[in-house]
Amino acid sequence: MSPDQPSLFDDPAKENAITTDLVKIEARVWVLHAQLNQANYAYYVLDNPALPDAEYDRLFHELKGIEAQHPKFLSIDSPTQRVGATPLSQFEQVAHEVPMLSLDNAFNELDMEDFDRRVRERLVSSHIIEYACEPKLDGIAVSLLYEDGLLVRGATRGDGSTGENITQNIRTVASIPLKLLGDNHPPILEVRGEVYMPKKSFNSLNAAAREINEKEFVNPRNAAAGSLRQLDSKVAASRRLEFCCYSLGRVEGHEMPAKHNEILDAFSKWGFKTNPESKVVQGVEGCLNYYQNLAGRRNDLSYEIDGIVFKVNEISLQQRLGFVSRAPRWAISHKFPAQEEMTILEGVDFQVGRTGAITPVARLKPVFVGGVTVANATLHNMDEIKRLDVRIGDTVVIHRAGDVIPKLARVIIEKRTESARVIEMLTRCPVCDSHIERIEGEAIARCSGGLVCGAQRKEAIKHFASRKAMDVDGLGDKIVEQLVDEDLINSFVDLYSLDLDAVANLDRMAQKSAQNLLQAIEVSKKTTLAKFLYSLGIREVGVTTAQNLQNHFLSIIPLVKADFETLISVQDVGPIVAQHILNFFSEPHNQEVIDGLLNAGVHWPKVEVKSEDQLPFANKTFVVTGTLNLMGRDEAKGYLQSLGAKVSGSVSAKTHALVAGEKAGSKLKKAQDLDIEILDEEAFISLLAEHGIEHEQ
Ligand code: 5U1
């Protein structure tokens, strides 16, 4: 004890001093509890941080210091008690006094209509039923027991009657109140809901596992379950889990509201997170609309959901309906189409892309997943094959979320048979037999054949003729393939000297269609510098970069002559892109192609130098989101940039306007919240027209 600390033994007057000090310390402890709890609640439940991180850390350490010095002030509900406790040797069993029910499923509209009909028949009611709707989170169902407002127990669902006591892990979940807010709560309250891992936390957890060559979690639900089943709660504390409540278990000594949505409101008041997407609707029609709306936004949510839960909202009606074999008659889960299914990998083909990239493609036994039949899935590159440890003949899991390209997610190793064959990487191009090279540090192997390779030539010409490039109407993939196979074109230049009869002799072509095609090729000669640059297929030069190059150089000669320093001074051109551009223009073959095209008559209007006041969107930032039906997002960005706008990937208070296509998700919501101007596609096209840009469809 230090000399200036009071000691009871030397002076009775000091006793009073100690008591006074302890009272002050205790008061400070309560203040710190309140401040930290409030900050946690604002951060994890309201998603609206109230304190800067540094201030939170300071208060937290002050409280930890007091608790270390005065253990009697360390209480079970202290905000410091979320960091994990002494590891357990096993979980205790917990009996659920009110059984934790499971849900019946509906897989289509008919099932939903049947459910609604059954509800009305049982209630002998012809009235429209009010339903509470909530997303069904893909996590782990848990029960939280509060006595006099303090969290005393957290348990898994288990078999519905008996679960496991996971209180130590539950305490580490920041959005679970250790102490209920306010004082008007039941003396005994059991809240039920889902512990889940948001997609972002899941991705960073797996990225960290990959870094150290550890096994990754299969999906956020497994990651959440794995975290909650840790005997060492410090592991759970290190995982960013969240909790969202959805129903009431035991309640004693308190009158609860008469409707489900009002119960959720009460939970919110007591400090719980409820789902902001929750809504009350009328009748089965309301349910189906809610389902459609959320299904469209499913991939934009920050957490995984696997369906929608619909509950009869009136508690008295729920009680009249009761339940049957552990599932309530008053609730149903309308499932989304499964995003993962099992199938067999029947083979692997190697595709050669425009830049020679060799991509292994999985040929699958067709499987219905995410609402479509999938027979192929990209395997990206050989590193991915190695990482997945996949062999031909394996049973594999295919994942397809929304409109995203299906991917082979993992192998079910337990189902591997002796006949499974290792996938060998090719050493020579399957199309032109050139060597396959792999530059050190790059994941992608490439055919070294360049335009000697028929596959690269075909892809390059398809790209050249595509809508955003030279826009040759009617020059589809099948015709390009024939033109290359028949040796009618070797480079882009040959397109402009095609022989009418030779074209008319191609499969499914005739004199008239050949004439139309040659006419379209002729029309394509009139283009813009940006489209021309894009059509050349320079690596990493997309529509936007091509537009930036046009804006910067105004004509092709200074671009062709530009050095590295000049190139990296162009908006959004970094060292890698600059190097690709330099390489492209220094290649004699490419110079010949450019000369050939210009000599064949390809031309574009002179690009006018625009002063700041001629660039109506100079210093304005736009964001483009969602699906645009009449143009690609890149095209929209290119138009905006040509008017001087900066195009950003995220909405902030500095955003001037959001161009929102169909199925716009979180960016649209954020723009609405920030009161930012929102342009749908029609309004955007009108805006372009006002500034002299006519978008041709
Ligand atoms: N959102 C939500 N998920 N979920 C799961 N609500 C909900 N309700 C459930 C379950 C098992 O059960 C109640 C109907 C008791």
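Remember, it's a predicted structure, so these values are computed and weren't measured experimentally.

### Comments concerning the overall build of the chain
Within the chain, the secondary structure is distributed over 24 helices and 24 strands. Counting only C-alpha atoms and orienting by the principal axes, one finds that the chain spans roughly 105 × 70 × 60 Å. Each of the 697 residues in the chain was classed as buried or not, and the buried ones make up 45%. Surface summary for the chain: the accessible area is close to 35900 Å², and the carbon and sulfur share equals 50%. When the 77 positive and 98 negative side-chain charges of the chain are each reduced to one mean point, those points stand 3 Å apart.

### A few points about the domain arrangement of the chain
What the domain assignment lists for the chain is domain 1 (8-81), domain 2 (94-335), domain 3 (340-415), domain 4 (446-599) and domain 5 (612-690). Distance from the C-alpha centre of domain 2 to the C-alpha centre of domain 4: 55 Å.

### So, the pattern of salt bridges
Scanning the model with the defined rule gives 32 salt bridges in all. We note a salt bridge from Arg410 to Glu340, for which the minimum N-O separation is 2.9 Å. Residue Arg410 is found in strand β18 (residues 407-411), and its partner Glu340 is found in strand β14 (residues 340-352); the two are separated by 70 residues along the sequence. The class for Arg410 is partly exposed, based on a relative accessible area of 23%. Among the charged side chains, a network of salt bridges with common partners joins Arg210, Glu216, Glu384 and Arg387.

### Quick look at helix α24 (residues 681-690)
Buried within α24 are the following residues: Glu681, Phe684, Ile685, Leu687 and Leu688. Taken end-on, α24 shows its buried residues confined to a sector of 160 degrees, consistent with a single buried face. Facing away from the buried side of α24, by more than 90 degrees, are the exposed residues Glu682 and Glu690. Directly beyond the C-terminal end of α24, a positive phi value near 85 degrees is found at Gly692.

### Re the sheet that holds strand β13 (residues 331-335)
Each strand in a sheet pairs with its neighbour through backbone hydrogen bonds, running either in the same direction (parallel) or in the opposite one (antiparallel). With mixed pairing, the five strands of this open sheet are ordered in space as β2-β13-β10-β3-β9. Across the chains shown, the open sheet's two edge strands, defined by having one partner strand only, are β2 (105-106) and β9 (279-282). Sheet topology places strand β3 (residues 130-137) next to strand β10 (residues 305-312); seven bridges connect them, and they run antiparallel. The residue bridging Ala132 from the neighbouring strand is Lys311, located in β10. Sheet strands touched by helix α9 (residues 283-297): β3, β9, β10 and β13. Its angle to β9, the strand with the most contacts, is close to 135 degrees.

### Things to note about the nonpolar core
Within the largest apolar cluster, 53 residues are counted, with the highest numbers of intra-cluster contacts made by Leu475, Phe532, Leu549, Ile581, Phe585 and Leu597. Ranked by the residues each element gives to this core, the list is headed by helix α20 (residues 575-586), at five residues. Contacts of Leu475, omitting those with residues within four sequence positions, involve Ala465, Val480, Leu483, Leu495 and Leu517. Listed in part, the 31 residues of the second largest apolar core include Val142, Ile166, Leu228 and Phe267.

### So, the site of the ligand
Taken together, the residues surrounding the ligand are Leu101, Leu103, Glu134, Pro135, Tyr246, Val309, Lys311, Pro328, Trp330 and Ala331. At a separation of 2.8 Å, a nitrogen atom of the ligand approaches a polar side-chain atom of Glu134. Take Lys311: an N or O atom from its side chain is 2.9 Å from a nitrogen atom of the ligand. Contributing elements (two or more residues each) for the shell around the ligand: β3 and β10. Broken down by class, the residue content of the shell around the ligand amounts to eight nonpolar, no polar and two charged.

### Observations regarding the pairing of β13
For β13, the buried fraction is high: five of the five residues fall into the buried class. A two-sided burial pattern is seen for β13, the buried positions comprising Ala331, Ser333 and Lys335 on one face and Ile332 and His334 on the other. Of the strand pairs in this sheet, β2 and β13 are connected by two bridges, and their pairing is parallel. Paired with Ala106 across the bridge in β13 is His334. Taken together, the five bridges between β10 and β13 define a ladder with antiparallel strand orientation. Note that in β13 the partner of Phe310 across the bridge is Ile332.

Rules of the game
- Residues numbered from 1 in each chain as written.
- Predicted model: local features only at pLDDT ≥ 70, side-chain atom pairs only at ≥ 80, totals over all residues.
- Heavy atoms only, no water.
- Helix = DSSP H or I, 4+ residues; strand = E, 2+ residues; numbered from the N terminus.
- Buried < 20%, exposed > 50% of the residue type's maximum accessible area, 1.4 Å probe, protein only.
- Areas by Shrake-Rupley, 256 points an atom, 1.4 Å probe, with all protein chains shown as cover.
- Lys, Arg positive; Asp, Glu negative; His and termini not counted.
- Charge placed at Lys NZ, Arg CZ, Asp CG, Glu CD.
- Domains from an automatic or database assignment.
- Salt bridge = Lys/Arg side-chain N within 4 Å of Asp/Glu carboxyl O.
- Arc of directions from axis to C-beta.
- Pairing = 2+ DSSP bridges.
- Contact = heavy atoms within 4.5 Å.
- Axes fitted to C-alpha atoms, helices over the stretch in contact; angles between N-to-C directions.
- Core = buried A, V, L, I, M, F, W, Y, C linked by side-chain atoms within 4.5 Å.
- Near = heavy atom within 4 Å.
- Polar contact = N/O pair within 3.5 Å; in protein donor to acceptor, adjacent residues only side chain to side chain.
- Nonpolar A, V, L, I, M, F, W, Y, C, P; charged D, E, K, R; others polar.

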